[in-house]
Amino acid sequence: MRIFYFLFFFNTIFIFCQEDTNLPGVVVEQNSKFNTGRIVYLSKAQIRSPGAAPQMSDSKGRFTLIYSNKPNGNLAIIYASKNGYQVVNEVELKKSAIIGRKTPMKVVLCERGKYLENQLSYYDISRDAVVKSYETRINRLEKEGDERKKLITELKLQLNKEINSVHEAREILEKQLINSELKAKKLAERFLTVNLDDQSPAYQNAFKFFLQGDIEGALNILDKVDLKGRLEINAQEAGKDKEILTEIGERLLIREKQIKQDTEQCLFKARLHVLEYEFLSAEMYYDLAFKYGVDDESFIGEYLSFLMTQNKLDKAKKYALEEIKSLRKLVEEDSYYKQDLANILANVAEVFSNLQQRKEAIKYYGEAKKIYEELVFEDPEWYFPSYGAILHNMGEFYSTIDEIMAEDFYIKSIEINEVLRDEKVSFELAILSGSLSSLANIYRRREKYLDAKRWGREAVKISRMVIAKEESDFNNLLLAKNLDVLGSLYFELDSVNASEKSYTEALEILEKLNKKNPKAYALNLAQVCNNLGIYYGKTGNLNKAIIKMDRALEALKILLEDTSSVFKIEYADLLRNYGHILGINKKEIEATEYFLKAVQMADDLVLEYPNSYFDNYINIHIYYGDFLLNSENYEKALVIFPKILSYLDFNETVNLQKRLSEKSRILLRLGIVYVKSQKYDLAKSSFFKSIEIAQELFKKNPKSHAMALLRALNHIGIFHAEQKLEFPEGYLSNVNKLEGLFEFITLSELIDLSKILSYHGKVLFVENKYSSSVNFLRMSLKVKRFLSIVDPDSYQHEYALGLSDLAYIYWKVDATEASEKMYLESLEIFQRYTEENNFQFVSTILDNLNELGMLNYDKGEVNKAEKYLIEGRNIISKIGTDYGPGNYDRFYCMLSANLLEIYGKEIEKNGEKIYTKRAAEILNQIKSHGMIANEADSELKECLEHLKSIQEVYGF
């Protein structure tokens, strides 16, 4: 449903009479004259604009918007729609909707079915041209002699980089093929917005050749036009004509139309040259187009993207900063240009991101976001989609440096794209789907599985909606990626059938795409096969796992033929995972072989490309180190982990905080190896170095590094517990710093923390350090309470156990009111689980009732004490031996003994016969009960001895 925002301003104003102003227009069908020989004017198109009454085009396509409070020269926002049609010149409308203009503004529409048909047709032509050009260039490369040398020289000039071998040249061509196939879709979308009726005869003739797939023929037509000369002359003459505008207005309009047609031809030529891999020529015509008047931000974004793929980042940066400067001036004069400024700022941020200048990227993204916030406040309906796309891109940017920030941007993008979901086109739905899937992945890594599953399923649902609106290879690829993420989520949630189903559907989609173009989809296919292989490996189906991993290797080999391709690191990651699967299935010899291949490839790549592959290198070595650790090959593990630390110390190309975060993680693993090797002093030193680094990182960014600090604290806690050492001073104060940050920490780390704190709290109690004991157990309880809120079904009983533990300590330190309150809360929780047939829950209920009985007796509340103990005996009598005779006897005996102790004390104190009678009843019940459990049960023996001593003391 469409949501509108209404802002009411109540002010006292004086309005002077102002004459109405008009904006005439005409609605035409795209390419109608080009296709049929005459322009088709469209009637009954709805035209809306803020400040003017809605209009409908007449039988000749005409309409006039009338504004009562806007002066001539102002730019208006236009909304156009017609059933079954789509607006194709939205960008041009933004520039030409000038109130008071004399010539009609043209609104160009295309039948939706024809639009989709054109989209597919243009994409197929562009893609076929890309593949054909690639094959031609590969053939030239394979020929020895001058042809090969000439091609390599061309590549050097195009890419502004050295190329030292045929292998390297082939690698570049393969990478260009994949990039160009992705660009083919974008170029097809650019052609969709061109109205051929407005173009020059040369453009129209060239386009006819393009439609036949004859790119060379199209370029030959355009080559006959001296575009540079024409643009120079027309620009000069237009300048002269402007000086005598009143005399020759029509002549000026003709000049400007010619300039527009010529710049459109420049763009057409540039795009055709891109399809032919003639990047230097493409760059020349892009430059001409922008020099002589193409200043729309969408084309600027296209050009910046082109420059970035050509590794001309400095030129992209220089051009973008100049464009920002000119747009800032325009914004000062007219706020209409604010959106253009915001979009170019976002493009500049991407340039800086590619230059690894993150501070600058953050600065420009931040400014773009701020402008969009202002625009959305002014007109939410119009600006929401673009704002959502900006936020999604910011999420993608931050996902590699700060997942907490990335999460925030993805959520905001999702919220915005959800607002008008029913009316979204497939592109905007695809952004929503991508944000949902990325957010699901973040939650999966942080073990927030319920949220991850929710967003992952929604991403798949929306992907299916996108395909229903527009079937295309790109949209099918998006669905496959989202299904892959969902498969991983289901697997970690132990929904193995759902996991296999998602992975299998993703694989089926990619196998179909791969048949069309193996090189374009090999990487995605390999990734899904890899994940399905890991799934089978971890569920004990090694044969199926091997089949999928072999298929993944086979798919990637297409990208590695006869070259040290950039995809080699993906291959190394695949070998690592293959080794991991074999390792967990106890195939240690085979696993070692795959791990060593992966490590060698990672070493070679980092040597060749020191600024790249940081994460891959670290993870490949960690996986191998963990494999050695689990295989008890400590000697080799003590080589691998220090090797990683050395790499982190000397690699200064990566952000310092990222290196320190990884160093803290590796030091913990090294500490574990030292523990297993019984080198305890070295282990302790390694753990403490890790926590020192984590503390420094935490000070700078608590949310982002809470996880690193807790991980280090947990390792130190486990080490001290296992070695029975006193916990280090300040341990609990460090844990307390994390309170309020639990949501940024994985659940598994929080569970470990709660166990460590609980363990040490009980140790301190035994050592009679009651105050410290209470502090540790209270913190443990806070952690368990958080877990029970996040996932009640999984963790509420843990919280109830924590309540019982702390209640017992409070009782022993005479905090009886707080103790009773906690026991009762624990009982209330566990009684919800009585139907689950879980002995741990039942035994805790019985323990709680027993301790509540004795606690109340200590308080002098005999009746309450008796009530709780009898309630416990009734429960165990009802259950009988369902949980084994030993458990039955133990609890029956314990509760009976405590009842007798109460009765004995009351008889001794008050001499009341009622308690003598009740004691006799209990003794008769015990005699008739008969102890049927194994006498070797130590707890039962203890209970019986306690019962015997009570009988002796009180003469029962």
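Residues numbered from 1 in each chain as written. Predicted model: local features only at pLDDT ≥ 70, side-chain atom pairs only at ≥ 80, totals over all residues. Heavy atoms only, no water.

Participant: Explain the overall build of the protein chain here, please?
Facilitator: Assigned secondary structure in the protein chain consists of 39 helices and seven strands. Every one of the 956 residues in the protein chain was classed for burial, and the buried ones make up 53%. In the protein chain, the proportion of contacts linking residues at least 24 apart, taken out of those at least 6 apart, comes to 63%. When the accessible area of the protein chain is evaluated, it comes to approximately 46300 Å², of which 50% is carbon and sulfur surface. (Helix = DSSP H or I, 4+ residues; strand = E, 2+ residues; numbered from the N terminus. Buried < 20%, exposed > 50% of the residue type's maximum accessible area, 1.4 Å probe, protein only. Contact = heavy atoms within 4.5 Å. Areas by Shrake-Rupley, 256 points an atom, 1.4 Å probe, with all protein chains shown as cover.)

Participant: Is there a simple way to think about the pattern of salt bridges in this case?
Facilitator: Between side chains of opposite charge, a pair can form when the charged atoms approach closely. Inspection of every chain in the model, using the stated rule, returns 27 salt bridges. Of the charged contacts in the structure, one is a salt bridge between Asp573 and Arg576, with a shortest N-O distance of 3.8 Å. Taken together, the positions of Asp573 and Arg576, both in helix H23 (residues 568–584) and three residues apart, correspond to about one turn of that helix. Each member of the pair Asp573 and Arg576 is classed as buried. For Lys658, the salt bridge identified is with Asp615, shortest N-O distance 3.1 Å. With a gap of 43 residues between them, Lys658 in helix H27 (residues 656–676) and Asp615 in helix H25 (residues 614–630) connect regions that are remote in the sequence. According to the relative accessible area criterion, Lys658 is partly exposed, its value standing at 24%. A single network of salt bridges, built from pairs that share partners, joins Glu817, Glu820, Lys859, Glu861 and Lys864. (Salt bridge = Lys/Arg side-chain N within 4 Å of Asp/Glu carboxyl O.)

Participant: Would you explain the UniProt feature "repeat: TPR" (unreviewed entry) in the protein chain in this entry?
Facilitator: Within this numbering scheme, the UniProt entry marks residues 664–697 as carrying the feature "repeat: TPR" (unreviewed entry). Between the C-alpha atoms that bound residues 664–697 the distance is 10 Å, and the span itself is 91% helix and 0% strand. (UniProt positions renumbered as here; feature names shortened; annotations may be inferred.)

Participant: Got a minute to help me understand the packing of H23 against H25 in this structure?
Facilitator: When two helices pack together, their arrangement is given by the angle between their axes and by how far apart the axes lie. Their axes nearest at 10 Å, the elements H23 and H25 cross at an angle of 15°. When the axes of H23 and H25 are compared, the pair comes out roughly parallel. For the pair H23 and H25, the sense of crossing is left-handed. The residues of H25 that touch H23, namely those facing Ile569, Ala572, Asp573, Arg576, Asn577, His580 and Gly583, are Asn616, Asn619, Ile620, Tyr623 and Phe627. (Axes fitted to C-alpha atoms, helices over the stretch in contact; angles between N-to-C directions. Parallel < 35°, antiparallel > 145°, perpendicular 65-115°, else oblique. Left-handed = near helix turned anticlockwise from the far one by under 90°.)

Participant: Is there a simple way to think about unusual backbone geometry in this case?
Facilitator: For Asn31, which is not a glycine, the phi torsion comes out positive at approximately 60°. Locating Asn31 in the fold gives a position in the loop between strand S1 (21–29) and helix H1 (32–36). Although it is not a glycine, Glu632 sits at a positive phi angle of roughly 60°. By the element assignment, Glu632 lies in the loop between H25 and helix H26 (634–650). According to the relative accessible area criterion, Glu632 is exposed, its value standing at 59%.

Participant: How should I be thinking about the nonpolar core in this particular structure?
Facilitator: Among soluble globular proteins, nonpolar side chains are generally buried collectively. Counting residues in hydrophobic clusters, the biggest one holds 216 residues, and the most contacted among them are Phe210, Phe268, Tyr731, Leu738 and Leu757. At 11 residues, the largest contribution of residues to this core is made by helix H21 (residues 518–538). Residues from two domains meet in this core; each of domain 1 (20–112) and domain 2 (658–745) gives at least three. Ignoring sequence-local partners within four residues, the contact set of Phe210 consists of Tyr122, Ile125, Ser126, Phe191, Ile215, Ala218, Phe268, Leu272 and Leu275. Core analysis: the next-biggest nonpolar cluster, separate from the first, contains 52 residues, Tyr823, Phe891, Ala919 and Leu923 among them. (Core = buried A, V, L, I, M, F, W, Y, C linked by side-chain atoms within 4.5 Å. Domains from an automatic or database assignment.)

Participant: In this structure, what is going on with H25? I would like to understand it.
Facilitator: Each turn of an α-helix holds 3.6 residues, which means side chains three or four residues apart point in the same direction. The terminal C-alpha atoms of H25, which comprises 17 residues, lie 24 Å apart, in line with the 24 Å expected from a rise of 1.5 Å per residue. The set of residues buried in H25 consists of Phe614, Asn616, Tyr617, Ile618, Ile620, His621, Ile622, Tyr624, Gly625, Phe627, Leu628 and Leu629. Buried residues in H25 make contact with H23, helix H24 (588–608), H26 and H27. Trailing H25 by a residue or two, Glu632 shows a phi angle of about 60°, which is positive. (Expected span 1.5 Å × (residues − 1).)

Participant: I would appreciate a short explanation of the pairing of S1 in the present structure.
Facilitator: Each regular strand displays side chains that alternate between the two surfaces of the sheet. Counting buried positions along S1 yields eight of nine residues, so the element is predominantly enclosed. In terms of strand pairing, S1 meets strand S4 (residues 62–67) through six bridges, oriented antiparallel. Each residue of the ladder has a partner; that of Thr21, found in S4, is Tyr67. Looking at chain direction, S1 and strand S7 (residues 105–111) are connected through five bridges and run parallel. (Pairing = 2+ DSSP bridges.)

Participant: Help me understand the environment of His929, please; the structure alone is not making it clear to me.
Facilitator: Structurally, His929 can be placed in helix H38 (residues 913–929). Separated by 40 residues in sequence, His929 and Asp889 place their C-alpha atoms 8.8 Å apart. Those residues within four positions of His929 in sequence are excluded, and the remaining contacts are Tyr888, Asp889 and Tyr892.

Participant: What's the story with the environment of Gln357 in this structure? I'm lost.
Facilitator: Locating Gln357 in the fold gives a position in the loop between helix H13 (338–354) and helix H14 (358–378). Apart from residues no more than four positions distant in its own chain, Gln357 is found in contact with Lys317 and Phe352.

Participant: Looking at this structure, I do not really get the side chain of His705. What am I missing?
Facilitator: Note that His705 resides in helix H29 (residues 702–722). Discounting residues that sit within four places of it in the chain, His705 has contacts with Gln657, Ser661, Leu697 and Phe698.

Participant: Would you mind showing me how to read the pairing of strand S2 (residues 46–49) here?
Facilitator: Here S2 shows one buried face, formed by Ile47 and Ser49, and one open face, formed by Gln46 and Arg48. Where S2 lies against strand S3 (residues 52–56), three bridges are found, and the strand directions are antiparallel. Within S3, the residue paired with Ile47 across the bridge is Gln55. In the sheet, S2 pairs with strand S5 (residues 79–81) via three bridges, with the strands oriented antiparallel. Each bridged residue has a counterpart across the sheet, and for Gln46 the counterpart in S5 is Ser81.

Participant: Explain the packing of aromatic side chains here, please?
Facilitator: For any pair of aromatic rings, the description rests on two quantities: the centre-to-centre distance and the angle between the ring planes. For the structure on display, the rule yields 22 aromatic pairs. When the ring of Phe397 is compared with that of Tyr398, the centres are 5.1 Å apart and the planes differ by 75°; the resulting orientation is edge-to-face. Look at Phe727 and Tyr731: their rings are 5.0 Å apart centre to centre, the planes differ by 80°, and that puts the pair in the edge-to-face class. Each member of the pair, Phe727 as well as Tyr731, is classed as buried. Members of the aromatic cluster, joined through ring pairs, are Tyr365, Phe397, Tyr398 and Phe409. We note Arg576 situated over the ring of Tyr623; from NZ or CZ to the ring centre the distance is 4.4 Å. The ring of Tyr594 has Lys597 lying over it, and the distance from NZ or CZ to the ring centre is 5.6 Å. (Phe/Tyr/Trp six-rings, centres within 6.5 Å; stacked < 30°, edge-to-face > 60°. Lys NZ or Arg CZ within 6 Å of the ring centre and 35° of its normal.)

Participant: Sorry if this is basic, but what is going on with the packing of helix H28 (residues 680–700) against H29 here?
Facilitator: Running from N to C, H28 and H29 cross one another at 160°; their axes reach a closest spacing of 8 Å. Comparing their axes, H29 and H28 come out roughly antiparallel. Crossing of H28 against H29: the hand is left-handed.

Participant: How do you make sense of helix H6 (residues 201–211) when you look at a structure like this?
Facilitator: Buried within H6 are the following residues: Ala202, Tyr203, Ala206, Phe207 and Phe210. Down the axis, H6 shows its buried residues gathered within 130° of arc, on one side only. One or two positions beyond H6, positive phi appears at Gly213, with a value near 80°. (Arc of directions from axis to C-beta.)

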